[in-house]
Amino acid sequence: MQPFTLLIKPSGSDCNVDCKYCFYKHRAPEVGQGRQRMSDEVLEKLVKDYMQLCFPLAGFAWQGGEPTLMGLDFYKKAVELQKKYGSPGQEVGNSLQTNAILLNDEWCRFLHDSKFLVGISIDGPKELHDYYRLDHSGSGTFDKVMRAIQTCKKYKVEFNTLTLLNNKNVEHPDELFDFFIENGVRFLQFIPCVETDPTTGDIADFSITPQQYGEFQCRIFDRWYDHGPQNLSIRDFDSILSYCVHGKHTICTFDKQCSQYIVIEHTGDAFTCDFFVEPKWRLGNIFETPIEKLAAGSKKRTFGRAKQNLCNKCLVCRHLAVCRGGCMKDRIPPDDRFSRESYFCESYKRFFDYAMPRFMQIAAAISAGSPVKTQPFV
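Residues numbered from 1 in each chain as written. Predicted model: local features only at pLDDT ≥ 70, side-chain atom pairs only at ≥ 80, totals over all residues. Heavy atoms only, no water.

Next up on the list: the sheet that holds strand E2 (residues 57-62). With mixed pairing, the ten strands of this open sheet are ordered in space as E7-E6-E5-E4-E3-E2-E1-E8-E9-E10. The open sheet is flanked by strand E7 (233-234) and strand E10 (282-285), the only strands paired with a single partner. Of the pairings in the sheet, the one linking strand E6 (residues 187-192) to E7 comprises two bridges and is parallel in character. Each residue of the ladder has a partner; that of Leu-188, found in E7, is Ile-234. Relative to the sheet, helix H1 (residues 40-51) contacts strand E1 (5-9), E2, strand E3 (91-98) and strand E8 (261-265), its axis offset from that of E2 by approximately 150 degrees. (Pairing = 2+ DSSP bridges. Helix = DSSP H or I, 4+ residues; strand = E, 2+ residues; numbered from the N terminus. Contact = heavy atoms within 4.5 Å. Axes fitted to C-alpha atoms, helices over the stretch in contact; angles between N-to-C directions.)

By the definition in use, this model includes 41 aromatic pairs. A ring pair is formed by Tyr-132 and Phe-206, whose centres lie 6.4 Å apart and whose planes are at 75 degrees; its orientation type is edge-to-face. Here Phe-206 lies in the loop between E6 and helix H7 (210-227) and Tyr-132 lies in helix H4 (residues 126-132), a separation of 74 residues in the sequence. Of the two residues, Tyr-132 and Phe-206, neither departs from the other in class, the shared state being buried. (Phe/Tyr/Trp six-rings, centres within 6.5 Å; stacked < 30°, edge-to-face > 60°. Buried < 20%, exposed > 50% of the residue type's maximum accessible area, 1.4 Å probe, protein only.)

In this section: helix H10 (residues 298-306). Those residues of H10 that fall on the buried side of the exposure criterion are Lys-300, Phe-303, Gly-304 and Ala-306. When H10 is viewed along its axis, its buried side chains cluster within an angular range of 160 degrees and face the same direction. Packing partners of the buried residues in H10 comprise E8, E10 and helix H9 (291-296). (Arc of directions from axis to C-beta.)

Here we come to the packing of helix H2 (residues 72-85) against helix H3 (residues 105-113). A packed helix pair is summarised by two numbers, namely the angle formed by the two axes and the spacing between the axes. Look at H2 against H3: their axes get within 11 Å of each other, and the N-to-C directions meet at 15 degrees. With respect to their mutual orientation, H2 and H3 come out roughly parallel. In this structure, the crossing between H2 and H3 has a hand that is left-handed. Where H2 approaches H3, its residues Leu-72, Tyr-75, Lys-76 and Val-79 are matched on the opposing element by Glu-106, Trp-107 and Phe-110. Class assignment of the residues belonging to the contact of H2 with H3 gives a composition of five nonpolar, no polar and two charged. (Parallel < 35°, antiparallel > 145°, perpendicular 65-115°, else oblique. Left-handed = near helix turned anticlockwise from the far one by under 90°. Nonpolar A, V, L, I, M, F, W, Y, C, P; charged D, E, K, R; others polar.)

This next bit is on the environment of Cys-193. Here Cys-193 is to be found in the loop between E6 and H7. For Cys-193, a relative accessible area of 4% corresponds to the buried category. The spacing of Cys-193 and Val-263 is 70 residues in sequence and 21 Å in space, taken between C-alpha atoms.

Our focus in this paragraph is the packing of H7 against helix H8 (residues 235-246). Two numbers describe how H7 lies on H8: the axes approach to 11 Å, and their chain directions differ by 75 degrees. One element, H7, and the other, H8, form an angle in the roughly perpendicular class. For the pair formed by H7 and H8, the contact residues are Tyr-213, Gln-217, Ile-220, Phe-221 and Trp-224 on the first element and Asp-236, Phe-237 and Leu-241 on the second. Counted by class, the contact of H7 with H8 contains six nonpolar, one polar and one charged residues.

So, about empty space enclosed by the protein. The final tally for this structure, using the stated rule, is one cavity of 30 Å³ or more. Quantified by volume, the largest cavity comes out at close to 120 Å³. In this structure, the largest cavity is lined by 13 residues; those nearest its centre are Cys-314, Cys-317, Cys-323, Gly-325 and Cys-345. Secondary structure elements with two or more residues in the lining of the largest cavity: helix H11 (312-315), helix H12 (320-323) and helix H13 (345-367). (1 Å grid on protein atoms, 1.4 Å probe; cavity = no way out; pocket = protein on both sides within 12 Å on 5 of 7 lines; lining within 4 Å. Points joined across faces, edges and corners; volume = space filled by probe spheres on them.)

This part takes up unusual backbone geometry. In the segment running from Gly-64 into Gly-65, the intervening peptide bond is cis, with an omega of 10 degrees. You can see Gly-65 is positioned in the loop between E2 and H2. Here the amide bond leading from Ile-332 into Pro-333 is cis, since omega sits at -5 degrees, within 30 degrees of zero. Locating Pro-333 in the fold gives a position in the loop between H12 and H13. If you check the backbone angles, Ala-100 has positive phi at about 75 degrees while not being a glycine. Here Ala-100 shows up in the loop between E3 and H3. With a phi close to 55 degrees, Phe-338 is a non-glycine residue in the positive phi region. With respect to the helices and strands, Phe-338 occurs in the loop between H12 and H13.

Function cannot be read off these values alone, since they describe shape.
What follows is the structure, encoded as structure tokens:
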């Protein structure tokens, strides 16, 4: 069968930070709210069943909520189980997406020794990060996150940063870029925030506009291009380069269909996607249905193919091949077929018009085995 990865939410939506823009604030009550913890029984079942599929690379992405709320012993046990049920020569990849507040010396020593890739959520310099990313007492979390980053560096933990672009930091692309470069970050992700107000149905005030996102992408691209693509990884840009060189994206946002992973909740329930953890898209439970059947079942296939339900505007767009309509969660307001255009449609058109010639220039150098040299673009 086609390999897939697991996005595991061992603590569900439970978190020790109270971000105003968090989309889990309005998740379905049927899925779970408040304190949620994965049992040892669920952990062993999912690791055993997944490892015994014998994929060349078994990918475990631990997310939340805040996954470090499980405690360090939980992940030590997960690694032991991976070793116990793995096959000779089978490679295992663990990643941990975290707000980093709980990361200390003991955590970072383990993460390094166990070769975890860590994603750290940080929204830029202090005044931008602390605008929305507050703890439950209303205090900013920036200083704690920066201490964790220094501890990661101390123990040589591989990490990248994830920045949620909201209506405040999206206006400061140069400040964000300089901040990450000055702090020695070489692997970045920028995620555009758009949510609807559950009361009014309008776009929430912390969301960004298509115009803001288009301008941000163009400016960040210029800084990345001038800095040297070989010196800095930006996730969206890496995927576009992969498409230009190999004809295949590395992220699902621009892929033809959504099929790269399934979500496992703390209860063992499985869902199609992290943005669609709702009863409609529940695939089943790992105690009721083999995990490979959950990933290859009709509901998952239906969801994956739904991305191809493109509107007429997409079908005639010059950027269709590289964009594929964007992420289905951004096709708002939603309909049953996910056939609306992306909220960020104009953002992508502006960005691709602006940047694709230079992406192709870089891709040509990579394909030819030549050094990537960026020249002033006219």
